[in-house]
Number of protein chains: 2
Amino acid sequence: MLKEEAGATLPVDSIILGDCVAELAELPDRSVDLVFADPPYNLQLQKDLLRPNNSKVDGVDDDWDKFSSFENYDQFTNDWLAQCRRVLKDDGSLWVIGSYHNIFRLGTQLQDMGFWILNDVIWRKTNPMPNFRGRRFTNAHETLIWAAKSQKSRYRFNYEAMKALNDDLQMRSDWLMPICSGPERLKMETGKKAHPTQKPEALMGRVILASSNEGDVVLDPFSGSGTTAAAAKKLGRHYIGIERDPDYARIARKRLAEIEPLGDDAMKVMQGKRQEQRIPFGSLVELGLISPGTVLYDHRARHEARVRADGSIAVKGAQGSIHKMGAQVQGSSACNGWTFWHVEKEGTLTPIDSLRDVARRQLEATS
Amino acid sequence: MLKEEAGATLPVDSIILGDCVAELAELPDRSVDLVFADPPYNLQLQKDLLRPNNSKVDGVDDDWDKFSSFENYDQFTNDWLAQCRRVLKDDGSLWVIGSYHNIFRLGTQLQDMGFWILNDVIWRKTNPMPNFRGRRFTNAHETLIWAAKSQKSRYRFNYEAMKALNDDLQMRSDWLMPICSGPERLKMETGKKAHPTQKPEALMGRVILASSNEGDVVLDPFSGSGTTAAAAKKLGRHYIGIERDPDYARIARKRLAEIEPLGDDAMKVMQGKRQEQRIPFGSLVELGLISPGTVLYDHRARHEARVRADGSIAVKGAQGSIHKMGAQVQGSSACNGWTFWHVEKEGTLTPIDSLRDVARRQLEATS
DNA sequence: CTCCATCGTGAATCGTTGG
DNA sequence: ACCAACGATTCACGATGGA
């Protein structure tokens, strides 16, 4: 489909096969309402990573993610961002997604090019890959940056729609969503994943619903498996995807052919997860509800444990969680530490579970 | 207090009044274990960017003021980061915290200076300020970057302590914590808040607990109300704070004088196997905990091995270490023989790893 | 059919020590 | 410097298959 825009034609509702910088150059100035870009992350993986069971992690080792230096990556970023900026309408806005490997470089370049950052948004994964070697924190999120073309831009933000998606509370900058897996994950005939980094449609869906209107043109310069285009089509937006790899482009086109526009109601079935309310014992310590050094007792004060700064407890030289140590002193295999252990308050013993309610109220986040 | 470090003295456990770059220059090379920095967002920059801008809306070419402001901020960042890098021990690590206004510039500079990013960590606020005008998402988080001095650095990470804080699950990169308010928030005599951006002590507490050991030196070049120093003192670390504003420095010193370090037992955290004394398998045989000739099994008794007098084991004619043979029978390249091989005890299979604890205690008692 | 145990897998910058 | 050996380490889901 071709759409008339400021005298030039726009190849909307198509996946263009080609290098994004070259293909972007063919598009007219100020013709696109929204850009979503998921560029290569420049992961710089050093060697194979084994799981504890010695199986190999199928990491991203594709050629398209190889850059020889930060300088090289910055040049690449500058090239495609400059083109995106040119084709973006003055009141349009742009999203990029990345991890700590590349997101700081993307953000810096956006600012240097005159983009006006509106929010950084955190995609919190419900089911990230663990850190197998126990050397860092679980890398459980990715970062999106939402930016207007300039400070004076009258960008679109569908505040009420976002609020409605969040039980009538303002949508926050942290979004909780599962990674793309199960039936949504596109597979080859062999059963292998079709694309190494396919994003969940719910993520793009929220982005598109938040920052564009029906009939707008959404551009994705790194289209990949076509998730942005798919979400756009479902939500009644026009899409332009650019993809260098013929296989990915073919997969995306096939995917798009099977999609019916659904309207904004589609979001209701794509929704993110409701905030979970797990309260670890460590939070009670950090919140100051229990000080390190406090003595815990079982309900008849036959056993004693001492709370430590990391939320572990110590019993006669042994150490562990409230659950493990509760089980150990009883000689049983499992124990609910929340009901087993008590603190002394005004002469009586109270289960630490009662403090958890206090913690829950203090930690009530509205995402 | 002065601490001798590589021939120069380190003014530990004090808040230094002065400009951070100048004062950092006085500290010796490679003398600090951990840096935590909460740099200003640069109000100058904010002011410039908010100034009405009469350049054309579609300026791919940047407004000069804007560019020079970012440049100024980058120069400032470079100055203090370079000093921090110099005083940081080779195996130390550094944290910075910021928002989307400055965090991308901080991250880019860290990478350009050779720091090796370990994680970006999201502080999710339970009680953020709402977006009053409904033009953006509620800015509900801040970003921390944790970086080692170099890729080769053997940085500290108290994995087990972090796991303990999170109810025996790996600590993730998203941390949920309230902002600093209530009694923790320092007030002036007038009741006004003493510092505009006082961070919660729980946040610094987790940072310090995660990436330093007792007795380490923690440096905060933008000390402010002294939260980093307070958390460090409480957790038995030495602190050095640098603060330019005499009022803030005074408040921080007063605050620190009232803080008592936690007791020795309360300060202890979970120790992992990595910290424990190494016991070769041969010691178990020598100590008589396993007799030569004992049969070892994998956990489902699919493989058998026989222990030999020299601490090697034999499987079907082949022989070698518990690790080598474990790998061999599984057809994998590596194996932890301690958890792979089991002995039969009262009808059940127990990992030989449990015997290692016994050996460790026996060897400790006799040494 | 259900239920349960097992297995596979996801954008990952994922060792240390002694010879 | 390099190399070999030691040995530490995983969470949430979906798919699969046997009982």
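Residues numbered from 1 in each chain as written. Chains lettered and ligands numbered in written order. Predicted model: local features only at pLDDT ≥ 70, side-chain atom pairs only at ≥ 80, totals over all residues. Heavy atoms only, no water.

Threshold: UniProt positions are given in the numbering used here, feature names are shortened, and annotations may be inferred rather than shown by experiment.
The name given to chain A in an unreviewed UniProt entry is Methyltransferase, with Methyloligella halotolerans as the source organism. In its Sequence similarities (unreviewed entry) section, the UniProt entry covering chain A states "Belongs to the N(4)/N(6)-methyltransferase family." The Catalytic activity (unreviewed entry) field of the UniProt record for chain A holds the comment "a 2'-deoxyadenosine in DNA + S-adenosyl-L-methionine = an N(6)-methyl-2'-deoxyadenosine in DNA + S-adenosyl-L-homocysteine + H(+)".

### Let's talk about the interface of chain A and chain B
Which entries qualify depends on this criterion: Here, two residues are considered to be in contact whenever any of their heavy atoms come within 4.5 Å of each other. By convention, the term buried area covers the 1.4 Å-probe accessible surface removed from two parts as they join, with the contributions of both added. For this document, the term salt bridge refers to a Lys or Arg side-chain nitrogen within 4 Å of an Asp or Glu carboxyl oxygen. Counting of polar contacts relies on pairs of N or O atoms within 3.5 Å, with two restrictions inside protein: one atom must be capable of donating a hydrogen and the other of accepting it, and residues adjacent in sequence are counted only when both atoms are side-chain atoms. Helix numbers and strand numbers start at the N terminus; a helix is a DSSP run of H or I with at least 4 residues, a strand a run of E with at least 2. In this classification, the charged set is Asp, Glu, Lys and Arg, the nonpolar set is Ala, Val, Leu, Ile, Met, Phe, Trp, Tyr, Cys and Pro, and all remaining amino acids, among them Gly, are polar.
Tallying the contact residues gives 89 residues for chain A and 84 residues for chain B. Taking both partners together, chain A and chain B bury about 7500 Å²; carbon and sulfur atoms supply 49% of that area. It is Phe104, Phe137 and Glu286 of chain A that lose the most area in chain A upon contact with chain B, and together they represent 12% of the buried surface on that side. Summed over the shared surface of chain A and chain B, the result is six salt bridges. Between Arg105 of chain B and Asp112 of chain A there is a salt bridge, with the nearest N and O atoms lying 2.7 Å from each other. Inspection of the region where chain A meets chain B yields 45 residue pairs in polar contact (both at pLDDT 80 or more). No other element matches strand 6 (residues 116-125) of chain A, which puts nine residues into the side of chain A that touches chain B. A per-class count over the side of chain A that touches chain B returns 35 nonpolar, 32 polar and 22 charged.

### Things to note about the domain arrangement of chain A
What counts is decided by this rule: Segmentation of the chain into domains, including their bounds, is taken from an automatic or database domain assignment.
The domains assigned to chain A are domain 1 (14-266) and domain 2 (281-365). Spacing between the C-alpha centres of domain 1 of chain A and domain 2 of chain A amounts to 43 Å.

### Describing the pairing of strand 7 (residues 141-148) of chain B
Residue and element names in this part refer to chain B. As a reminder, the rule being used: Relative accessible area decides the class of each residue, using a 1.4 Å probe on protein chains only: under 20% of the type maximum gives buried, over 50% gives exposed, and in between gives partly exposed. At least two bridges found by DSSP between two strands is the condition for calling them paired.
Of all eight residues in strand 7, eight are buried; the element is thus mostly enclosed. Residues His141, Thr143, Ile145 and Ala147 point to one face of strand 7 and Glu142, Leu144, Trp146 and Ala148 to the other, with burial holding for every one of them. Strand direction decides the pairing type here: strand 5 (residues 88-98) and strand 7, joined by six bridges, are antiparallel. For Val96, the partnering residue across the bridge sits in strand 7 and is Ile145. Across eight bridges, the pairing between strand 6 (residues 116-125) and strand 7 is antiparallel. If you follow Trp116 over to strand 7, its bridge partner there is Ala148.

### Points about the protein's contact with DNA strand C
The following threshold applies: The cutoff for a nearby residue is simple: one of its non-hydrogen atoms must lie within 4 Å of the molecule or strand.
Taken together, the neighbourhood of DNA strand C is formed by 41 residues, with Gln44, Arg51, Tyr100 and Arg133 of chain A together with Arg154 of chain B sitting nearest. When the atoms of DNA strand C within 4 Å of the protein are grouped by moiety, sugar and phosphate amount to 47% of the total. Between DNA strand C and Pro128 of chain A there is a distance of 3.1 Å, counted from a base nitrogen to a backbone nitrogen or oxygen. Residue Lys199 of chain A places a side-chain N or O atom 3.1 Å away from a base nitrogen belonging to DNA strand C. Of the residues that constitute the surface near DNA strand C, the class distribution is 18 nonpolar, seven polar and 16 charged.

### Observations regarding the packing of helix 2 (residues 70-87) of chain A against helix 3 (residues 103-112) of chain A
Packed helix pairs are specified by the crossing angle of their axes together with the interaxial distance, meaning the distance between the axes. Residue and element names in this part refer to chain A. Which entries qualify depends on this criterion: Where helices are involved, their axes are fitted lines through C-alpha atoms of the stretch in contact, as for all axes, and angles between N-to-C directions lie from 0 to 180°. Note on angle classes: values under 35 degrees are labelled roughly parallel, values over 145 roughly antiparallel, values of 65 to 115 roughly perpendicular, and the remainder oblique. By the definition used in this description, the sense in which the near helix is turned from the far one sets the handedness, with an anticlockwise turn below a right angle giving left-handed and a clockwise turn giving right-handed.
Where helix 2 contacts helix 3, the axes come no closer than 10 Å and their chain directions differ by 50°. Between helix 2 and helix 3, the angle falls in the class oblique. At the point where helix 2 passes helix 3, the crossing takes the right-handed sense. When helix 2 is examined against helix 3, the residues Phe70, Tyr73, Asp74, Thr77, Asn78, Trp80 and Leu81 are found in contact with a partner set consisting of Arg105, Leu106, Gln109 and Leu110.

### Here's the deal with the UniProt feature "domain: DNA methylase N-4/N-6" (unreviewed entry) in chain A
Within the UniProt annotation, "domain: DNA methylase N-4/N-6" (unreviewed entry) is assigned to residues 32-253 of chain A. Secondary structure content for residues 32-253 of chain A is 28% helix and 22% strand, while the C-alpha to C-alpha distance between its ends is 20 Å.

### Examining unusual backbone geometry
Residues and elements named next belong to chain A. Residue Gln44 is not a glycine yet carries a positive backbone phi of 55°. Structurally, Gln44 can be placed in the loop between strand 4 (32-37) and helix 2. The phi dihedral of Asn54 falls on the positive side, at around 70°, and the residue is not glycine. Within the fold, Asn54 resides in the loop between strand 4 and helix 2.

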